[in-house]
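Understanding the architecture of this molecule
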Amino acid sequence: MTPQELKATISQGLLSFPVTDFDRNGDFAPKGYAARLEWLAPYGASALFAAGGTGEFFSLTPADYSAVVKTAVDVCEKRVPILAGAGGPTRTAIAYAQEAQRLGAKGVLLMPHYLTEASEAGIEAHVEQVCKSLDIGVIFYNRANSRLGPAALSRLADRCPNLIGFKDGMGDIEAMVRVRRGLGDRFAYLGGLPTAEVYAAAYKALGVPVYSSAVFNFIPKTAMAFYQAVAKDDAQTIGRLLDEFFLPYLEIRNRRAGYAVSIVKAGARLVGHDAGPVRAPLTDLDQDEMQRLAALIEKVGGQ
């Protein structure tokens with residue numbers, strides 16, 4: 001798949017980030033992860049991102065990373081494109097990205113470089129170096145301490161033909177409008193805020209109709225129904241699902257830092273697709289929170 005073919009693929013439909021399966025000791029569980037991908041692949045996501053944020057990229061060792069990406073590519077070959085997360089300092093990000101390419105991933109989501117602050121010029125150089133180390137497509141994740149404006153993105157677009165996507169995790173509407181208007185159709189644009197469904201209709205109005213769904217991990221049928229409602233401007237269905245599920249879900253998710261990942265693993269456990277615990281420094285939901293989440297899942301029905 002060429003970078004431009006990848007751009008076309010991720011410019012429509014729903015995207016998702018499978019959680020990464022760990023056993024009781026916290027080690028990667030490839031059989032469970034393969035079974036998870038077998039379960040999720042037929043639901044119709046346009047692409048799946050292995051070892052992404054919801055997949056706890058930040059907690060994976062290099063050996064884990066290789067095993068996760070290889071498992072995803074092997075299971076989903078000819079079924080749904082697999083992209084892989086990559087991040088950290090520039091040379092580390094390059095090493096991860098090149099490993100993903102070697103293993104057959106169709107593209108890379110370039111996540112923040114972590115910890116240190118950096119100038120926009122430095123982040124621009126970071127993105128350029130990663131892109132030029134690869135043949136596959138790259139999506140820039142605009143989030144946390146790794147942010148770029150339209151001028152820097154325009155320069156990168158000229159120098160890096162394989163930079164084909166911009167994923168926004170900031171929610172700054174003015175900045176998103178400036179990027180979208182400034183870059184036009186040069187990129188595929190993705191909504192990437194945690195629990196993106198809450199922002200999906202607003203982002204669609206900005207010209208960003210595609211987003212990544214974390215809840216696809218445990219209520220894939222509902223996640224697809226919500227995406228279709230947004231695509232059709234079905235305000236009644238959007239409002240009903242926001243009220244019945246997503247807004248109460250946020251009340252649980254927002255109780256502790258890191259729960260954006262933990263609550264997804266909890267949901268998978270509750271629907272019979274247990275992915276094991278989250279790794280430190282994240283923490284799992286407590287029993288009361290699990291019961292509240294179970295009640296919400298019961299409301300939306302079987303998947």
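Heads up: these notes are all about the structure in this document. All figures in this text were calculated on a predicted structure; none of them were measured in a lab.

**Describing the packing of aromatic side chains**
Per the counting criterion, the structure on display carries 15 aromatic pairs. Between the aromatic rings of Phe57 and Tyr65, the centroid separation amounts to 5.9 Å while the plane-to-plane angle is 80°, which identifies the pairing as edge-to-face. Each member of the pair, Phe57 as well as Tyr65, carries the same accessibility label: buried. Through a chain of ring-to-ring contacts, the aromatic side chains of Phe218, Phe226, Phe245, Phe246 and Tyr249 assemble into a single cluster. Against the face of Tyr141 rests Lys167, its NZ or CZ located 4.5 Å from the ring centre. One residue, Arg279, lies across the ring of Phe22, its end atom 4.2 Å from the ring centre.

**Some thoughts on helix α10 (residues 235-253)**
At Leu242, α10 shows its strongest bend, of approximately 50°. Of all the residues in α10, the buried ones are Thr237, Ile238, Leu241, Leu242, Phe245, Phe246, Tyr249, Leu250, Ile252 and Arg253. Buried residues belonging to α10 abut α9 (220-231), α11 (259-270) and α12 (287-300).

**Section: the pairing of strand β3 (residues 82-86)**
Across the five residues of β3, five count as buried, placing the element largely inside the fold. Because side chains alternate across β3, one face comprises the buried residues Ile82, Ala84 and Ala86, and the other comprises Leu83 and Gly85, equally buried. Direction of pairing for strand β2 (residues 47-50) relative to β3: parallel, over a ladder of three bridges. Counterpart to Leu48 in the pairing with β3 is Ile82. You can see the chain leave β2, run along helix α3 (residues 62-76) and come back into β3, and the turn it takes is right-handed. Relative to strand β4 (residues 107-110), β3 is paired through four bridges, and the arrangement is parallel. Across the sheet, the residue bridging to Leu83 is Gly107, located in β4. The parallel pair β3 and β4, bridged by helix α4 (residues 90-103), forms a crossover whose chirality is right-handed.

The rules behind each value
Residues numbered from 1 in each chain as written. Predicted model: local features only at pLDDT ≥ 70, side-chain atom pairs only at ≥ 80, totals over all residues. Heavy atoms only, no water. Phe/Tyr/Trp six-rings, centres within 6.5 Å; stacked < 30°, edge-to-face > 60°. Buried < 20%, exposed > 50% of the residue type's maximum accessible area, 1.4 Å probe, protein only. Lys NZ or Arg CZ within 6 Å of the ring centre and 35° of its normal. Bend = angle between axes of the 7 residues up to and from the residue. Helix = DSSP H or I, 4+ residues; strand = E, 2+ residues; numbered from the N terminus. Contact = heavy atoms within 4.5 Å. Pairing = 2+ DSSP bridges. Right-handed = clockwise from strand over helix to strand, strands pointing away.

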